[in-house]
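Take a look at the letters that make up each chain.
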Amino acid sequence: QHYYITNNLSRMTLISQCSRLLAQTSSRNFAQTSRAFLPSISGWRQGGQSGGSGPKFNYSYGFVGLLGAAVCSVGVALNDGQISADELELAHGHMHWEHKEWNKSYDHKALRRGFQVYKEVCQACHSMQYFYWRMHIDVTHTKEEVKEMAAEYMYPDVDDEGNAIERQGDIQDFMPAPYDNEIKARLANNGAHPPDLTLINVAREGNEDYLFSLLTGYEDVPPGQAEPAEGQAYNPYFHGYYIGMAQQLYNESVDYEDGTIPYQSQIAKDIIQYLAWTAHPWMDEMSMYGMKAVASAAALVIISYIAMRTRRNGIRSRQIHFTVPGHDKSITKNGVVNNFTKYKEVDDSIAKMKR
(Lines give C-alpha, C1' and ligand atoms only; values in the text may rest on other atoms or scores of the structure.)
Protein backbone atom coordinates (compact mmCIF):
# COMPACT_ATOMS: atom_id res chain seq x y z
CA GLN A 1 0.00 0.00 0.00
CA HIS A 2 2.86 2.39 0.80
CA TYR A 3 4.34 1.61 -2.65
CA TYR A 4 1.20 2.60 -4.56
CA ILE A 5 0.60 5.73 -2.47
CA THR A 6 4.19 6.92 -2.98
CA ASN A 7 4.05 6.16 -6.70
CA ASN A 8 0.72 7.98 -7.21
CA LEU A 9 1.89 10.99 -5.21
CA SER A 10 5.03 11.19 -7.31
CA ARG A 11 3.07 11.06 -10.55
CA MET A 12 0.56 13.67 -9.34
CA THR A 13 3.38 15.95 -8.28
CA LEU A 14 5.03 15.55 -11.67
CA ILE A 15 1.79 16.37 -13.49
CA SER A 16 1.28 19.42 -11.29
CA GLN A 17 4.82 20.62 -12.01
CA CYS A 18 4.35 20.16 -15.77
CA SER A 19 1.02 22.02 -15.71
CA ARG A 20 2.54 24.91 -13.76
CA LEU A 21 5.49 24.98 -16.14
CA LEU A 22 3.15 25.01 -19.16
CA ALA A 23 1.21 27.94 -17.72
CA GLN A 24 4.27 29.99 -16.81
CA THR A 25 6.68 29.12 -19.60
CA SER A 26 7.18 31.36 -22.61
CA SER A 27 9.92 31.79 -25.16
CA ARG A 28 11.69 34.26 -22.82
CA ASN A 29 11.74 32.53 -19.44
CA PHE A 30 11.85 28.91 -20.65
CA ALA A 31 15.52 28.41 -19.67
CA GLN A 32 15.04 29.94 -16.21
CA THR A 33 11.94 27.84 -15.49
CA SER A 34 13.61 24.63 -16.68
CA ARG A 35 16.55 25.21 -14.28
CA ALA A 36 14.07 25.67 -11.45
CA PHE A 37 12.29 22.47 -12.41
CA LEU A 38 15.31 20.16 -12.56
CA PRO A 39 16.21 20.28 -8.80
CA SER A 40 12.80 18.85 -7.91
CA ILE A 41 13.61 15.82 -10.05
CA SER A 42 16.93 15.37 -8.25
CA GLY A 43 15.12 15.62 -4.91
CA TRP A 44 12.74 12.86 -5.92
CA ARG A 45 15.69 10.70 -6.93
CA GLN A 46 17.47 11.22 -3.62
CA GLY A 47 14.29 10.67 -1.64
CA GLY A 48 13.72 7.38 -3.43
CA GLN A 49 17.24 6.22 -2.64
CA SER A 50 17.10 7.24 1.02
CA GLY A 51 13.81 5.50 1.69
CA GLY A 52 15.18 2.09 0.85
CA SER A 53 11.78 0.89 -0.42
CA GLY A 54 9.40 1.79 -3.20
CA PRO A 55 10.18 2.74 -6.80
CA LYS A 56 13.19 4.84 -7.77
CA PHE A 57 12.29 7.91 -9.84
CA ASN A 58 14.12 7.90 -13.16
CA TYR A 59 15.49 11.10 -14.68
CA SER A 60 13.99 10.11 -18.08
CA TYR A 61 10.41 10.71 -16.83
CA GLY A 62 11.24 14.24 -15.76
CA PHE A 63 13.05 14.93 -19.01
CA VAL A 64 10.13 13.69 -21.10
CA GLY A 65 7.69 15.78 -19.08
CA LEU A 66 9.89 18.85 -19.37
CA LEU A 67 10.32 18.33 -23.11
CA GLY A 68 6.58 17.85 -23.66
CA ALA A 69 5.74 20.99 -21.67
CA ALA A 70 8.33 22.96 -23.63
CA VAL A 71 7.00 21.81 -27.00
CA CYS A 72 3.40 22.60 -26.02
CA SER A 73 4.31 26.02 -24.70
CA VAL A 74 6.26 26.90 -27.84
CA GLY A 75 3.37 25.72 -30.01
CA VAL A 76 0.88 27.79 -28.04
CA ALA A 77 3.15 30.83 -28.26
CA LEU A 78 3.55 30.46 -32.02
CA ASN A 79 -0.18 29.94 -32.67
CA ASP A 80 -1.26 32.78 -30.43
CA GLY A 81 -3.33 35.22 -32.47
CA GLN A 82 -3.44 33.04 -35.59
CA ILE A 83 -6.53 31.48 -37.16
CA SER A 84 -6.49 28.00 -38.61
CA ALA A 85 -7.85 27.49 -42.09
CA ASP A 86 -10.28 24.89 -40.74
CA GLU A 87 -11.94 27.58 -38.61
CA LEU A 88 -13.08 29.49 -41.70
CA GLU A 89 -16.12 27.30 -42.28
CA LEU A 90 -19.01 26.04 -40.18
CA ALA A 91 -19.19 22.33 -39.48
CA HIS A 92 -21.99 20.69 -41.44
CA GLY A 93 -24.79 18.74 -39.79
CA HIS A 94 -25.42 15.02 -40.09
CA MET A 95 -28.60 13.75 -41.72
CA HIS A 96 -30.10 10.33 -42.25
CA TRP A 97 -29.76 9.21 -45.86
CA GLU A 98 -31.74 6.07 -46.49
CA HIS A 99 -29.76 5.02 -49.57
CA LYS A 100 -26.59 4.71 -47.44
CA GLU A 101 -28.01 1.80 -45.42
CA TRP A 102 -26.67 -1.61 -46.38
CA ASN A 103 -30.11 -3.09 -47.15
CA LYS A 104 -31.57 -0.06 -48.95
CA SER A 105 -31.37 1.25 -52.50
CA TYR A 106 -31.77 4.59 -54.23
CA ASP A 107 -35.23 6.11 -54.39
CA HIS A 108 -35.79 6.20 -58.15
CA LYS A 109 -38.56 8.77 -57.88
CA ALA A 110 -36.20 11.04 -55.98
CA LEU A 111 -33.55 10.45 -58.67
CA ARG A 112 -35.99 11.53 -61.37
CA ARG A 113 -36.86 14.66 -59.41
CA GLY A 114 -33.15 15.30 -58.83
CA PHE A 115 -32.48 15.13 -62.56
CA GLN A 116 -35.25 17.68 -63.10
CA VAL A 117 -33.61 20.00 -60.56
CA TYR A 118 -30.24 19.59 -62.28
CA LYS A 119 -31.71 20.31 -65.71
CA GLU A 120 -33.72 23.36 -64.64
CA VAL A 121 -31.37 24.88 -62.05
CA CYS A 122 -27.83 23.49 -62.16
CA GLN A 123 -27.20 22.76 -65.82
CA ALA A 124 -26.97 26.44 -66.72
CA CYS A 125 -23.54 26.64 -65.04
CA HIS A 126 -22.39 23.14 -64.03
CA SER A 127 -21.42 20.35 -66.37
CA MET A 128 -21.76 16.60 -65.99
CA GLN A 129 -19.53 15.64 -68.87
CA TYR A 130 -18.36 12.32 -67.39
CA PHE A 131 -21.84 10.79 -67.28
CA TYR A 132 -23.56 9.07 -70.20
CA TRP A 133 -27.16 9.66 -71.18
CA ARG A 134 -27.72 5.90 -71.34
CA MET A 135 -27.07 5.57 -67.60
CA HIS A 136 -30.52 7.07 -66.96
CA ILE A 137 -32.35 4.31 -68.82
CA ASP A 138 -34.64 2.27 -66.53
CA VAL A 139 -33.40 4.24 -63.53
CA THR A 140 -34.85 7.72 -63.89
CA HIS A 141 -36.43 7.60 -67.36
CA THR A 142 -37.39 5.17 -70.08
CA LYS A 143 -35.23 4.62 -73.14
CA GLU A 144 -37.53 6.71 -75.34
CA GLU A 145 -37.45 9.62 -72.89
CA VAL A 146 -33.65 9.53 -72.70
CA LYS A 147 -33.37 9.49 -76.50
CA GLU A 148 -35.66 12.48 -76.72
CA MET A 149 -33.68 14.46 -74.13
CA ALA A 150 -30.34 13.63 -75.77
CA ALA A 151 -31.65 14.73 -79.17
CA GLU A 152 -32.27 18.24 -77.83
CA TYR A 153 -28.52 18.95 -77.89
CA MET A 154 -26.06 19.19 -80.77
CA TYR A 155 -22.69 17.46 -80.62
CA PRO A 156 -19.63 18.12 -82.81
CA ASP A 157 -18.69 15.27 -85.10
CA VAL A 158 -17.16 14.53 -88.51
CA ASP A 159 -18.82 13.17 -91.62
CA ASP A 160 -17.57 10.41 -93.89
CA GLU A 161 -15.32 12.88 -95.69
CA GLY A 162 -13.73 14.20 -92.48
CA ASN A 163 -15.58 17.50 -92.44
CA ALA A 164 -16.64 18.98 -89.09
CA ILE A 165 -20.38 18.80 -88.59
CA GLU A 166 -22.92 18.92 -85.78
CA ARG A 167 -25.33 16.12 -85.11
CA GLN A 168 -28.13 15.40 -82.70
CA GLY A 169 -27.20 13.77 -79.44
CA ASP A 170 -27.57 10.06 -78.80
CA ILE A 171 -27.85 7.97 -75.64
CA GLN A 172 -24.20 6.90 -76.09
CA ASP A 173 -22.98 10.50 -75.70
CA PHE A 174 -21.82 12.21 -72.56
CA MET A 175 -24.12 14.81 -71.07
CA PRO A 176 -23.28 18.23 -72.56
CA ALA A 177 -21.34 21.01 -70.85
CA PRO A 178 -22.83 24.52 -70.67
CA TYR A 179 -19.56 26.16 -71.79
CA ASP A 180 -17.11 25.26 -74.53
CA ASN A 181 -14.06 25.67 -72.31
CA GLU A 182 -12.90 26.86 -68.89
CA ILE A 183 -12.12 30.40 -70.07
CA LYS A 184 -15.70 31.02 -71.17
CA ALA A 185 -16.95 29.48 -67.94
CA ARG A 186 -14.85 31.87 -65.83
CA LEU A 187 -15.81 34.91 -67.91
CA ALA A 188 -19.48 34.13 -67.40
CA ASN A 189 -19.14 33.64 -63.62
CA ASN A 190 -16.95 36.56 -62.46
CA GLY A 191 -13.76 34.51 -62.62
CA ALA A 192 -15.12 31.47 -60.75
CA HIS A 193 -15.05 28.09 -62.48
CA PRO A 194 -18.19 26.03 -61.73
CA PRO A 195 -17.00 22.48 -60.95
CA ASP A 196 -18.23 19.43 -62.79
CA LEU A 197 -20.92 17.67 -60.76
CA THR A 198 -20.42 14.08 -61.88
CA LEU A 199 -18.27 13.13 -58.88
CA ILE A 200 -18.93 16.14 -56.65
CA ASN A 201 -20.50 13.99 -53.94
CA VAL A 202 -17.32 11.99 -53.35
CA ALA A 203 -15.00 14.91 -54.08
CA ARG A 204 -16.09 16.89 -51.00
CA GLU A 205 -15.51 15.87 -47.41
CA GLY A 206 -18.83 15.18 -45.75
CA ASN A 207 -20.47 13.99 -48.98
CA GLU A 208 -24.25 14.39 -48.85
CA ASP A 209 -24.25 16.18 -45.49
CA TYR A 210 -21.85 18.86 -46.71
CA LEU A 211 -23.75 19.45 -49.96
CA PHE A 212 -27.08 19.75 -48.15
CA SER A 213 -25.66 22.25 -45.66
CA LEU A 214 -24.04 24.21 -48.47
CA LEU A 215 -27.17 24.44 -50.63
CA THR A 216 -29.47 25.39 -47.76
CA GLY A 217 -27.03 27.39 -45.62
CA TYR A 218 -26.99 30.80 -47.31
CA GLU A 219 -27.36 33.64 -44.81
CA ASP A 220 -27.16 37.39 -44.61
CA VAL A 221 -23.76 38.79 -43.79
CA PRO A 222 -23.51 39.04 -39.96
CA PRO A 223 -22.56 42.36 -38.34
CA GLY A 224 -18.84 43.04 -38.37
CA GLN A 225 -18.22 40.71 -41.31
CA ALA A 226 -16.83 42.03 -44.58
CA GLU A 227 -19.29 42.43 -47.41
CA PRO A 228 -18.87 39.89 -50.24
CA ALA A 229 -17.45 41.05 -53.54
CA GLU A 230 -19.50 41.37 -56.67
CA GLY A 231 -20.84 38.02 -57.78
CA GLN A 232 -20.24 36.40 -54.39
CA ALA A 233 -22.56 35.33 -51.56
CA TYR A 234 -22.10 34.62 -47.86
CA ASN A 235 -22.29 30.96 -46.86
CA PRO A 236 -20.80 29.85 -43.50
CA TYR A 237 -20.51 26.24 -44.71
CA PHE A 238 -18.23 27.17 -47.60
CA HIS A 239 -14.49 27.34 -46.98
CA GLY A 240 -13.73 31.03 -46.51
CA TYR A 241 -17.42 32.00 -46.13
CA TYR A 242 -17.65 33.73 -49.53
CA ILE A 243 -18.81 31.56 -52.42
CA GLY A 244 -18.99 32.51 -56.08
CA MET A 245 -22.47 30.97 -56.49
CA ALA A 246 -25.57 32.80 -55.40
CA GLN A 247 -28.37 30.95 -53.64
CA GLN A 248 -30.16 28.79 -56.19
CA LEU A 249 -32.72 26.79 -54.22
CA TYR A 250 -35.85 28.42 -52.83
CA ASN A 251 -39.29 27.20 -51.99
CA GLU A 252 -41.21 26.43 -55.19
CA SER A 253 -38.21 27.17 -57.38
CA VAL A 254 -38.98 23.90 -59.22
CA ASP A 255 -42.38 22.60 -60.28
CA TYR A 256 -42.18 18.83 -59.84
CA GLU A 257 -43.86 16.63 -62.42
CA ASP A 258 -45.15 14.14 -59.83
CA GLY A 259 -46.80 16.78 -57.64
CA THR A 260 -44.28 16.67 -54.76
CA ILE A 261 -44.33 19.89 -52.74
CA PRO A 262 -41.12 21.73 -53.74
CA TYR A 263 -39.82 22.94 -50.39
CA GLN A 264 -36.22 24.10 -50.38
CA SER A 265 -35.13 21.16 -48.23
CA GLN A 266 -36.97 18.70 -50.52
CA ILE A 267 -35.32 20.16 -53.62
CA ALA A 268 -31.89 20.00 -51.99
CA LYS A 269 -32.48 16.41 -50.88
CA ASP A 270 -33.51 15.31 -54.38
CA ILE A 271 -30.60 16.90 -56.22
CA ILE A 272 -28.14 15.51 -53.65
CA GLN A 273 -29.51 11.99 -54.06
CA TYR A 274 -29.16 12.39 -57.82
CA LEU A 275 -25.54 13.55 -57.44
CA ALA A 276 -24.84 10.64 -55.07
CA TRP A 277 -26.16 8.27 -57.74
CA THR A 278 -24.09 9.82 -60.54
CA ALA A 279 -20.97 9.42 -58.40
CA HIS A 280 -21.77 5.77 -57.65
CA PRO A 281 -24.34 4.47 -60.16
CA TRP A 282 -23.59 0.79 -59.46
CA MET A 283 -24.26 0.89 -55.73
CA ASP A 284 -27.56 -1.00 -55.98
CA GLU A 285 -25.97 -3.82 -57.99
CA MET A 286 -23.04 -4.03 -55.58
CA SER A 287 -25.40 -4.22 -52.60
CA MET A 288 -27.40 -6.96 -54.30
CA TYR A 289 -24.27 -8.99 -55.12
CA GLY A 290 -23.03 -8.51 -51.57
CA MET A 291 -26.28 -9.81 -50.10
CA LYS A 292 -26.15 -12.82 -52.44
CA ALA A 293 -22.56 -13.51 -51.42
CA VAL A 294 -23.41 -13.32 -47.71
CA ALA A 295 -26.44 -15.61 -48.17
CA SER A 296 -24.37 -18.12 -50.17
CA ALA A 297 -21.59 -18.09 -47.58
CA ALA A 298 -24.12 -18.65 -44.76
CA ALA A 299 -25.64 -21.62 -46.64
CA LEU A 300 -22.18 -23.13 -47.21
CA VAL A 301 -21.32 -22.76 -43.54
CA ILE A 302 -24.52 -24.56 -42.50
CA ILE A 303 -23.97 -27.36 -45.02
CA SER A 304 -20.35 -27.76 -43.93
CA TYR A 305 -21.35 -27.97 -40.28
CA ILE A 306 -24.00 -30.59 -41.00
CA ALA A 307 -21.56 -32.62 -43.11
CA MET A 308 -18.94 -32.44 -40.39
CA ARG A 309 -21.36 -33.62 -37.71
CA THR A 310 -22.89 -36.45 -39.77
CA ARG A 311 -20.15 -37.78 -42.03
CA ARG A 312 -16.77 -36.52 -40.92
CA ASN A 313 -17.26 -37.45 -37.27
CA GLY A 314 -17.68 -41.07 -38.30
CA ILE A 315 -14.38 -40.94 -40.13
CA ARG A 316 -12.62 -39.18 -37.26
CA SER A 317 -13.81 -41.73 -34.67
CA ARG A 318 -12.95 -44.76 -36.82
CA GLN A 319 -10.17 -47.08 -35.56
CA ILE A 320 -8.03 -49.17 -37.88
CA HIS A 321 -6.64 -52.41 -36.39
CA PHE A 322 -3.64 -54.15 -37.97
CA THR A 323 -3.52 -57.85 -37.18
CA VAL A 324 -1.17 -60.69 -38.01
CA PRO A 325 -2.74 -63.51 -40.03
CA GLY A 326 -3.91 -66.25 -37.75
CA HIS A 327 -4.21 -64.02 -34.69
CA ASP A 328 -7.52 -62.23 -35.42
CA LYS A 329 -9.20 -63.68 -32.36
CA SER A 330 -6.60 -62.24 -30.00
CA ILE A 331 -7.51 -58.71 -31.12
CA THR A 332 -11.24 -59.42 -30.95
CA LYS A 333 -10.95 -60.53 -27.33
CA ASN A 334 -9.63 -57.16 -26.25
CA GLY A 335 -12.69 -55.28 -27.48
CA VAL A 336 -12.04 -51.62 -28.29
CA VAL A 337 -8.34 -51.23 -28.93
CA ASN A 338 -7.00 -47.83 -27.95
CA ASN A 339 -3.67 -48.70 -26.35
CA PHE A 340 -0.58 -50.55 -27.55
CA THR A 341 -0.58 -52.66 -24.38
CA LYS A 342 -3.48 -54.67 -25.86
CA TYR A 343 -1.26 -55.75 -28.74
CA LYS A 344 0.95 -57.91 -26.48
CA GLU A 345 -0.01 -61.20 -28.10
CA VAL A 346 0.52 -59.79 -31.57
CA ASP A 347 3.89 -58.34 -30.58
CA ASP A 348 4.98 -61.67 -29.14
CA SER A 349 3.99 -63.51 -32.32
CA ILE A 350 5.91 -61.03 -34.48
CA ALA A 351 8.97 -61.46 -32.26
CA LYS A 352 8.84 -65.27 -32.60
CA MET A 353 8.61 -64.98 -36.40
CA LYS A 354 11.73 -62.82 -36.47
CA ARG A 355 13.67 -65.40 -34.51
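Above this text is the structure in question.
Bear in mind that the values here come from a model prediction, so they are computed numbers and not experimental data. (Residues numbered from 1 in each chain as written. Predicted model: local features only at pLDDT ≥ 70, side-chain atom pairs only at ≥ 80, totals over all residues. Heavy atoms only, no water.)

J.: Mind laying out the overall build of the chain, listing which residues take part and the relevant values?
T.: Counting secondary structure elements, the chain contains 12 helices and 4 strands. Within the chain, buried positions represent 29% of all 355 residues. Surface summary for the chain: the accessible area is close to 24,100 Å², and the carbon and sulfur share equals 55%. (Helix = DSSP H or I, 4+ residues; strand = E, 2+ residues; numbered from the N terminus. Buried < 20%, exposed > 50% of the residue type's maximum accessible area, 1.4 Å probe, protein only. Areas by Shrake-Rupley, 256 points an atom, 1.4 Å probe, with all protein chains shown as cover.)

J.: Residue-level account of the packing of helix H4 (residues 108-122) against helix H9 (residues 264-279), with values.
T.: Here H4 crosses H9 at 100°, and the two axes come no closer than 7 Å. Viewed along their axes, H4 and H9 adopt a mutual orientation that is roughly perpendicular. Across from Ala 110, Leu 111, Arg 113, Gly 114, Phe 115, Val 117, Tyr 118 and Cys 122 in H4, the residues of H9 making contact are Gln 266, Ile 267, Asp 270, Ile 271, Gln 273, Tyr 274 and Trp 277. Residues of the contact of H4 with H9, tallied by class, amount to 10 nonpolar, 3 polar and 2 charged. (Axes fitted to C-alpha atoms, helices over the stretch in contact; angles between N-to-C directions. Parallel < 35°, antiparallel > 145°, perpendicular 65-115°, else oblique. Contact = heavy atoms within 4.5 Å. Nonpolar A, V, L, I, M, F, W, Y, C, P; charged D, E, K, R; others polar.)

J.: Any details on H4? Residues and values, ideally.
T.: Residues lying three or four places apart along an α-helix face the same way, a consequence of the helix completing one turn every 3.6 residues. Counted at 1.5 Å a residue, the expected span for H4 with its 15 residues is 21 Å, and the 19 Å between its end C-alpha atoms agrees. For H4, the N-terminal capping position is held by Asp 107, with its side-chain oxygen 3.3 Å away from the main-chain nitrogen of Lys 109. (Expected span 1.5 Å × (residues − 1). Polar contact = N/O pair within 3.5 Å; in protein donor to acceptor, adjacent residues only side chain to side chain.)

J.: Can you tell me about a nonpolar patch on the surface, naming the residues and giving the values?
T.: The grouping of Ile 302, Tyr 305, Ile 306 and Met 308 at the surface amounts to a nonpolar patch, some 400 Å² of accessible area in total. Within the secondary structure, Ile 306 sits in helix H10 (residues 283-316). Relative accessible area serves as the criterion here: at 47%, Ile 306 is assigned to the partly exposed category. (Patch = residues over 30% accessible without salt bridge, like charges linked within 9 Å, V, L, I, M, F, W, Y side chains within 5 Å. Salt bridge = Lys/Arg side-chain N within 4 Å of Asp/Glu carboxyl O.)

J.: So what's going on with unusual backbone geometry? Residues and values would help.
T.: Residue Asp 138 is not a glycine yet carries a positive backbone phi of 60°. Its identity as a non-glycine residue notwithstanding, Asn 190 has a phi of 55°, on the positive side. Here Asn 190 shows up in the loop between helix H6 (182-188) and helix H7 (200-203). Taking relative accessible area as the criterion, Asn 190 reaches 56% and is therefore assigned exposed.

J.: Kindly report on the environment of Lys 143, identifying the contributing residues and their values.
T.: By the element assignment, Lys 143 lies in helix H5 (residues 143-150). In this structure Lys 143 comes out as partly exposed when scored by relative accessible area, which is 39%.

J.: Tell me about the packing of helix H8 (residues 207-216) against H9, and name the residues and values.
T.: Axis angle and axis distance: for two packed helices, these are the angle between their axes and the distance between the axes, and together they describe the pair. Taken N-terminus to C-terminus, the directions of H8 and H9 make an angle of 140°; their axes are 10 Å apart at the nearest point. Remark: the crossing between H8 and H9 carries right-handed chirality. When H8 is examined against H9, the residues Glu 208, Leu 211, Phe 212, Leu 215 and Thr 216 are found in contact with a partner set consisting of Gln 264, Ser 265, Ala 268, Lys 269, Ile 271, Ile 272, Leu 275 and Ala 276. Classifying every residue of the contact of H8 with H9 gives 8 nonpolar, 3 polar and 2 charged. (Left-handed = near helix turned anticlockwise from the far one by under 90°.)

J.: Tell me about the pattern of salt bridges, residues and numbers included.
T.: Enumeration according to the criterion identifies 11 salt bridges in this entry. In this structure, Arg 112 engages Glu 257 in a salt bridge whose closest nitrogen and oxygen atoms are separated by 3.6 Å. One end of the pair, Arg 112, is in helix H4; the other, Glu 257, is in the loop between strand S4 (242-243) and H9, and 145 residues separate them in sequence. Judged by relative accessible area, which is 27%, Arg 112 ranks as partly exposed. Of the charged contacts, one joins Asp 270 and Arg 113 as a salt bridge, the two residues approaching to 3.0 Å between their closest N and O atoms. Remark: Arg 113 occurs in helix H4 and Asp 270 occurs in helix H9; sequence separation between them is 157 residues.

J.: Break down the side chain of Thr 278 for me, with residues and values.
T.: Its location among the elements puts Thr 278 in helix H9. Judged by its relative accessible area of 3%, Thr 278 is buried. Looking at Thr 278, its side chain comes within polar contact range of the main-chain oxygen of Thr 198, at 3.2 Å. A polar side-chain atom of Thr 278 sits 2.8 Å from the main-chain carbonyl oxygen of Leu 275. If we ignore the near neighbours within four places in the chain, the residues touching Thr 278 are Met 128, Phe 131, Leu 197 and Thr 198.

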